[in-house]
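Here is what each chain is made of, one letter per residue.
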Protein chains: 2
Amino acid sequence: MRVAEDGDITGEAGPAFSQADLLDLTGYNMKRAYMRIYADFTEALAGFDLRQRTFSVLSLVVENPEIRQSDIARELGIERSGTVVIVDELEGRRLIRRADVPGDRRAHALTATRDGIALYRRALAEIAAHEGRLMNGFTASERALLNALLRRIHELN
Amino acid sequence: MRVAEDGDITGEAGPAFSQADLLDLTGYNMKRAYMRIYADFTEALAGFDLRQRTFSVLSLVVENPEIRQSDIARELGIERSGTVVIVDELEGRRLIRRADVPGDRRAHALTATRDGIALYRRALAEIAAHEGRLMNGFTASERALLNALLRRIHELN
DNA sequence: TATTGTTATACTCTATAACTATA
DNA sequence: TATAGTTATAGAGTATAACAATA
């Protein structure tokens, strides 16, 4: 409820609306920034027929051969039930394989196939390229700083 | 696909899974941080029976008396149809009013009621308090820096 | 023709709950 | 009793499309 102080009032060009209160809230700024970068992320993945969460699961499997579904759920902070449909899809596309775990007949060990690793590498490169283009105006240290701040927020509590 | 370099591998304490690739992506870090802060935001609003978007609309109406629904949609980057149900709810709770616009019989001018302003102020204070608690470990300049970076991302393109 | 508000509908994402088979 | 994986279902949240009234 303060007066806008962001120079957004251009005098006559058009009606200027104040978002002063909202723009003071990190939660609001985070949502808008997230929406913006998420759109870019989604676009980068579209050519690979991967959605954001599918990509994250594939990433974990590529980086951690023989990982279990429950570990993926824990790492990603999602429900176990949520991993099933993703793993089903990735397995159906022969990007990963479910294998038996010697000591535990309840669990499945997930490992990426050669095709899965190849697709993953190309998708990862595409995302990085998209982000590089999107965040073109940011210096390397600004990007590193932003990532560090975001990680600290996630790790809170 | 690099080896983790974040010291997350504690030797024996438990299985450490690598998220090195994902943690290099701003999009991934943003999503996790957003989820964390969004949960806090939602919790702060729960006592007021407000959801995030409802609060944002109320904020715009309080800060910009006689704003139109289409302006809200533009400012918030949402669909006009999305504003209708929110405005319906806020009006039904007597927090805002729809009024005629003298020059344009299609439009509605939205203005907050006394009750709406009062509720808004309390909700805003609660959110700020929640954020202050959540981001307790951040200095004021870190928070300002983070907000500035987030705004720059939103304004891209 | 374009815009404002509206309605109805559909879609995406995700969590919850209940179940089985193991441990 | 607890855990891994699974299935079915339900709920948010949101966009899309079509429409009437007005500009």
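The rules behind these values
- Residues numbered from 1 in each chain as written.
- Chains lettered and ligands numbered in written order.
- Predicted model: local features only at pLDDT ≥ 70, side-chain atom pairs only at ≥ 80, totals over all residues.
- Near = placed C-beta within 6 Å.
- Helix = DSSP H or I, 4+ residues; strand = E, 2+ residues; numbered from the N terminus.
- Nonpolar A, V, L, I, M, F, W, Y, C, P; charged D, E, K, R; others polar.
- Axes fitted to C-alpha atoms, helices over the stretch in contact; angles between N-to-C directions.
- Parallel < 35°, antiparallel > 145°, perpendicular 65-115°, else oblique.
- Left-handed = near helix turned anticlockwise from the far one by under 90°.
- Contact = placed C-beta atoms within 7 Å.
- Least-squares fit on C-alpha atoms with pLDDT ≥ 70 in both.
- Pairing = 2+ DSSP bridges.
- Buried ≥ 20, exposed ≤ 12 C-beta atoms within 10 Å, placed from the backbone.
- Expected span 1.5 Å × (residues − 1).
- Arc of directions from axis to C-beta.

Engineer: Describe the protein's contact with DNA strand C, with residues and values.
Structural biologist: Taken together, 19 residues sit near DNA strand C, with Ser81(A), Arg105(A), Gln69(B), Ser70(B) and Ser81(B) positioned nearest. Secondary structure elements with two or more residues in the surface near DNA strand C: α5 (80–92) and β3 (104–112) of chain A together with α4 (69–76), α5 (80–92) and β3 (104–112) of chain B. For the surface near DNA strand C, the leading source of residues is α5(B), giving four residues. Grouping the amino acids of the surface near DNA strand C by side-chain chemistry returns four nonpolar, six polar and nine charged.

Engineer: I'd like a rundown of the packing of helix α3 (residues 52–63) of chain A against helix α6 (residues 114–134) of chain A, residues and numbers included.
Structural biologist: Angle between the axes and distance between the axes: these two values describe a pair of packed helices. Residue and element names in this part refer to chain A. Where α3 contacts α6, the axes come no closer than 10 Å and their chain directions differ by 120 degrees. Considering their axes alone, α3 and α6 lie oblique with respect to each other. The handedness of the crossing between α3 and α6 comes out as left-handed. For the pair α3 and α6, the contacting residues are Phe55, Leu58, Ser59 and Val62 in the first and Gly116, Ile117, Tyr120 and Ala123 in the second. Split into classes, the residues belonging to the contact of α3 with α6 amount to six nonpolar, two polar and no charged.

Engineer: Before we move on, could you go through the relation of the copies chain A and chain B and cite the residues and values that matter?
Structural biologist: The operation relating chain A to chain B is a screw motion whose rotation component is 180 degrees, with 0.0 Å of axial translation and a residual RMSD of 0.0 Å. Here the symmetry operator amounts to a two-fold rotation axis. Both copies contact each other with a shared surface, as 100% of the interface residues of chain A are interface residues in chain B too.

Engineer: Give me the lowdown on the pairing of β3(B), citing residues and values where you can.
Structural biologist: Residues and elements named next belong to chain B. Here two bridges tie strand β1 (residues 67–68) to β3, and the two strands are oriented antiparallel to one another. Note on β3: the bridge partner recorded for Arg68 is Ala109. Following strand β2 (residues 96–101), the chain reverses through two residues before pairing antiparallel with β3.

Engineer: Got a sec to walk through the interface of chain A and chain B? Specific residues and values, please.
Structural biologist: Each partner contributes residues to the interface: chain A has 44 residues there, and chain B has 44 residues. Sorting the residues of the side of chain A that touches chain B by element identifies α1 (20–23), α2 (26–46), α3, α4 (69–76), α6 and α7 (140–154) of chain A as the ones contributing at least two each. Per-element tally for the side of chain A that touches chain B: the top contributor is α2(A), with twelve residues. Partitioned by chemical class, the residues of the side of chain A that touches chain B number 23 nonpolar, ten polar and eleven charged.

Engineer: Account for the protein's contact with DNA strand D, with residues named and values stated.
Structural biologist: Residues in contact with DNA strand D amount to 19 residues; listed here are only the nearest, Gln69(A), Ser70(A), Ser81(A), Ser81(B) and Arg105(B). Broken down by element, the surface near DNA strand D gets its largest block of residues, four residues, from α5(A). Its residues assigned to classes, the surface near DNA strand D shows four nonpolar, six polar and nine charged.

Engineer: Requested: an account of the sheet that holds β3(A), with residues and values cited.
Structural biologist: Residues and elements named next belong to chain A. Read from one edge to the other, the open sheet built from three strands follows the order β1-β3-β2, with strand pairing classed as antiparallel. The strands lining the two open edges of the sheet, one partner per strand, are β1 (67–68) and β2 (96–101). Bridge analysis of β2 against β3 gives six bridges, and the strand direction is antiparallel. If you follow Ile96 over to β3, its bridge partner there is Ala112. Docked against the sheet, α3 engages β1, β2 and β3, running at close to 95 degrees with respect to β3.

Engineer: Requested: an account of the packing of α2(A) against helix α7 (residues 140–154) of chain B, with residues and values cited.
Structural biologist: It is at 8 Å that the axes of α2(A) and α7(B) come closest, and there the two elements cross at 35 degrees. The two elements α2(A) and α7(B) cross, and the hand of that crossing is left-handed. Side by side, α2(A) and α7(B) meet where Thr26(A), Asn29(A), Met30(A), Arg32(A), Ala33(A), Arg36(A) and Ile37(A) of the first sit next to Arg143(B), Leu146(B), Asn147(B), Leu150(B), Arg151(B), Ile153(B) and His154(B) of the second. Among the residues making up the contact of α2(A) with α7(B), the classes are represented as six nonpolar, four polar and four charged.

Engineer: Can you explain the sheet that holds β2(B)? Please cite residues and give values.
Structural biologist: What holds strands together in a sheet is hydrogen bonding between their backbones, with the strands either parallel or antiparallel. Residues and elements named next belong to chain B. Strands sit in the order β1-β3-β2 across an open sheet of three strands; the sheet is antiparallel. Among the strands making up the open sheet, the edge pair consists of β1 and β2. Helix α3 (residues 52–63) contacts β1, β2 and β3 of the sheet and is inclined by roughly 95 degrees relative to β3.

Engineer: So what's going on with unusual backbone geometry? Which residues, and what values?
Structural biologist: Residue and element names in this part refer to chain B. In the Ramachandran plot, Glu66 falls in the positive-phi region, its phi being about 70 degrees despite a non-glycine side chain. Looking at where Glu66 falls in the secondary structure, it is placed in the loop between α3 and β1. One non-glycine residue, Arg94, lies in the positive phi region at around 60 degrees. Within the secondary structure, Arg94 is located in the loop between α5 and β2. Using a count of 12 C-beta atoms within 10 Å as the deciding quantity, one classes Arg94 as exposed.

Engineer: Summarise the environment of Ile72(B); cite the residues concerned and give the values.
Structural biologist: On the secondary structure map, Ile72(B) appears in helix α4. Remark: the alpha-carbon pair of Ile72(B) and Thr83(B), spanning eleven residues in sequence, is separated by 7.4 Å.

Engineer: Tell me about α5(A), residues and numbers included.
Structural biologist: All names here are of chain A. A rise of 1.5 Å per residue sets the reference length of α5, with its 13 residues, at 18 Å; its end C-alpha atoms lie 19 Å apart and thus fit the reference within 8%. Of all the residues in α5, the buried ones are Thr83, Ile86, Val87 and Leu90. In a view along the axis of α5, the buried residues occupy a sector of 100 degrees, so they form one face of it. Facing away from the buried side of α5, by more than 90 degrees, are the exposed residues Ser81, Val84, Val85, Asp88 and Gly92. Residues of α5 that are buried sit in contact with α3, α4, β2 and β3. One or two positions beyond α5, positive phi appears at Arg94, with a value near 60 degrees.

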